[in-house]
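# A structural walkthrough
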Amino acid sequence: MANAYTNRKLSARYPLDLDAWKKLSSHYRDVMRDKHLRGLFSRDNKRFERFNVASGDLLLDYSRTHVNATTRKLLTQLAKQAGVPAAIEAMFAGDRINKTEDRSVLHVALRAKIADTVALETPGVSEVWEVLTRIESFVDDVHGGKIKGSTGKRFTDIVNIGIGGSDLGPVMACRALRSYWLDGVRFHSVSNVDGTQLVDLAQELDAETTLFVICSKTFTTLETMTNANAARAWVTERLDELAVQYHFVAASTNQEAMDDFGIRSDFRFGFWDWVGGRYSLWSAVGLSLALVVGMDAFKAMLAGGRRMDLHFRQAAMEENMPVMLALLGIWYNNFFAAQSQAILPYDNRLDRFPAYLQQLQMESSGKSVRMDGKPARCDTGMIIWGEAGNNAQHSFMQLMHQGTRFVPIDFLLSDSSDLAAANCRAQAEALMSGTGDEDIEPYRVHDGNRPSNIIHYAELTPDVLGQLIALYEHRVFVEGVVWGIDSFDQWGVELGKKLAARQG
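The notes below deal with the structure included here. (Residues numbered from 1 in each chain as written. Predicted model: local features only at pLDDT ≥ 70, side-chain atom pairs only at ≥ 80, totals over all residues. Heavy atoms only, no water.)

## A word on the pairing of strand 1 (residues 52-55)
The two faces of the sheet receive side chains in turn, since in a regular strand these alternate between them. This is how the line gets drawn: For every residue, the accessible area (1.4 Å probe, protein chains only) is compared with the maximum for its type, and the residue is labelled buried under 20%, exposed over 50%, or partly exposed between those bounds. Here a strand is any run of E in DSSP of at least two residues, a helix any run of H or I of at least four, and the numbering for each starts at the N terminus. Strands are labelled as partners when DSSP assigns at least two bridges between them.
Every second residue of strand 1 is oriented toward a common face, the buried set being Val53 and Ser55 and the non-buried set Asn52 and Ala54. Looking at chain direction, strand 1 and strand 2 (residues 58-61) are connected through four bridges and run antiparallel. Looking across to strand 2, one finds that alanine 54 is bridged to leucine 59. In this antiparallel pair of consecutive strands, strand 1 and strand 2, the connection spans two residues, and glycine 56 shows a positive phi of 55°.

Have a look at this one:
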């Protein structure tokens, strides 16, 4: 049954007419606009203890942001007045919160346990564990040598063919979990329609030991099928037509198209219309990841996502990590007029995480129309960008320290390297404090007052990766709820696809 969020009616000026929004505007103008972060710290030696939130293996330190106790109180009031608690309940209940496509949004069901009772009556949810069991059986058979190439050789190279979330997710996760790759197995990816990736990759692959994973819900995506057909031609040229049945597996729902391609029935893994592409890593789209790191690691990543889901469902607003991360984003986007945010992982294995978040956040929040079809009354998504943190220090951090642009930062920090941790904390400190009132040349002055969060964890395990991904997924959702937009459609990318098809 639809709850209050599903049936809510937005006022003409929403969210600008919410009481908490108006108070935040006054609070920004009268109090926080002229506050320097250095001063906030000098007046409160327990600021770190007051402004952090923990969940599972993650700690969000937001002490270096323009927030005091009043700010936090007003931000959490904004979440409540915007209906965030009801929205969370609606998503986990399977309500059709993707309004423009009339769909549920249930990537959370892909990592849930049956006992969590996540939308169990929604069509397809009861099949999740069956598909996961089939994936596990397939992966184990590949690793055990029961499933081999057409000439009887074991698979050594896994090539993911996809685009968008069907590429960004597996690539990001495989790079992040590089230390978990199984012996004798390598991961590759092909996504760009220009064909150069496959041409270059073919120079180092042996067709007899290569397994291609095609990820396309419709099995019609132009880029994916162009590359899939090129890979098919490469395999048949080096082996034979029969080899297609041994060297290609698919995550798709288009049975007829898979028949035409030559995908055998037991090499097909489906998913559901309530799984958006940018949320699909948890589904059969994650098959290439499972083949590279093994099912234990893959299931550990699912477990990490579930841990964040439980926290998101149960924690109070002010102690809820995804909610607080979203509210801080809204604070800087809508009140400080920040136009972009940088994601800087001081963990090189997360070097593709900023690109992953670009799609997750910008495809979800890049909307100028509300769920009711009326124009958005406030700025929505910021531009997301970033790079591995230590590399960033030697490229664009000059702009962050002394440039005219105001760019909030999320630092991601592990305990794996003392030197990386020292660099990360030094950057956060320099951005916050600057050079103070020292009598130095103007070009040496760092004004400071540049905000950042630090998301800290001990080690990048599959479980921790799952927590990180789910954290940002839920952040996106909360922001969309407050802005009144549909975070789960992506109509803006469809026009280009249609025009490209006409050009082709």
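## Some remarks on the packing of helix 13 (residues 295-314) against helix 19 (residues 462-483)
Quick note on the threshold: Helix axes are fitted to C-alpha atoms over the stretch in contact, other axes to C-alpha atoms as well, and angles between N-to-C directions run from 0 to 180 degrees. When describing relative orientation, an angle under 35 degrees is termed roughly parallel and one over 145 degrees roughly antiparallel, while 65 to 115 degrees is termed roughly perpendicular and anything else oblique. Note on convention: the crossing is left-handed when the near helix lies turned anticlockwise from the far helix by less than a right angle, right-handed when the turn is clockwise. Throughout, a contact is declared for two residues whenever any of their heavy atoms are within 4.5 Å. All residues other than Ala, Val, Leu, Ile, Met, Phe, Trp, Tyr, Cys, Pro, Asp, Glu, Lys and Arg, Gly among them, are scored as polar; the first ten of these are nonpolar and the last four charged.
At their nearest, the axes of helix 13 and helix 19 sit 7 Å apart, and the two run at 40° to each other. What the angle tells us is that helix 13 and helix 19 run oblique. The handedness of the crossing between helix 13 and helix 19 comes out as right-handed. Where helix 13 abuts helix 19, its residues Ala297, Ala300, Met301, Ala303, Gly304, Gly305, Arg307, Met308, Asp309 and Phe312 lie against Pro462, Asp463, Leu465, Gly466, Gln467, Ile469, Ala470, Leu471, His474, Phe477 and Val478. In terms of residue class, the contact of helix 13 with helix 19 is made up of 13 nonpolar, five polar and three charged.

## Some remarks on the packing of helix 4 (residues 69-81) against helix 14 (residues 321-335)
Following both chains from N to C, one finds helix 4 and helix 14 inclined at 105°, their axes separated by 10 Å at the closest point. Put simply, helix 4 runs roughly perpendicular to helix 14. Contact residues: helix 4 offers Thr71, Arg72, Leu75, Thr76, Leu78 and Ala79, while helix 14 offers Val323, Met324, Leu327, Ile330 and Trp331. Here the residues of the contact of helix 4 with helix 14 are counted per class, giving eight nonpolar, two polar and one charged.

## Let's talk about the sheet that holds strand 7 (residues 268-269)
As summarised here, the arrangement of the five strands in space is 4-3-5-6-7, forming an open sheet in which the pairing is parallel. A strand with exactly one partner marks an edge of an open sheet, and here the two such strands are strand 4 (186-190) and strand 7. For strand 5 (residues 210-215) and strand 6 (residues 248-251), the ladder comprises four bridges, and the chain directions are parallel. Bridge pairing links isoleucine 214 to alanine 250 in strand 6. Against the sheet, helix 7 (residues 165-176) makes contact with strand 3 (157-161), strand 4 and strand 5, and its axis sits at roughly 155° relative to strand 4, the strand it touches most.

## Examining the pattern of salt bridges
Put simply, the test is: One side-chain nitrogen of Lys or Arg within 4 Å of one carboxyl oxygen of Asp or Glu is enough to make a salt bridge.
Inspection of the entire model under this criterion finds 26 salt bridges. Here aspartate 57 ties to arginine 307 by a salt bridge, and the two come within 2.9 Å at their closest N and O atoms. A residue pair is termed long-range when its members are at least 10 positions apart, and aspartate 57 in the loop between strand 1 and strand 2 and arginine 307 in helix 13 qualify at 250 residues. On the basis of relative accessible area, aspartate 57 is assigned to the partly exposed category, the value being 36%. Note that arginine 64 is salt-bridged to aspartate 61, the shortest N-O span being 2.7 Å. Here arginine 64 and aspartate 61 have matching classes, each one buried. What emerges from the salt-bridge pattern is a single network uniting Asp57, Arg307 and Asp463.

## Here we look at the packing of aromatic side chains
So the rule is basically this: Stacked, edge-to-face and tilted labels apply to pairs of Phe, Tyr and Trp rings (six-membered ring for Trp) whose centres lie within 6.5 Å, assigned for plane angles under 30 degrees, over 60, and everything in between, in that order. In this analysis the charged atom, NZ for Lys or CZ for Arg, is taken to sit over a ring once it is within 6 Å of the ring centre and within 35 degrees of the ring normal.
Summed over the entire model, instances satisfying the criterion amount to 22 aromatic pairs. Judged by centre distance (5.2 Å) and plane angle (75°), the ring pair of tryptophan 331 and phenylalanine 336 falls under edge-to-face. Judged by its relative accessible area of 0%, tryptophan 331 falls in the buried class. One aromatic cluster in this structure is built from Trp21, Tyr28, Trp331, Tyr332, Phe335, Phe336 and Phe406. The residue whose ring lies beneath arginine 47 is phenylalanine 51, and the NZ or CZ to ring-centre distance is 4.5 Å. Positioned above the aromatic ring of phenylalanine 261, the side-chain terminus of arginine 232 is 5.5 Å from the ring centre.

These figures capture arrangement, not role.
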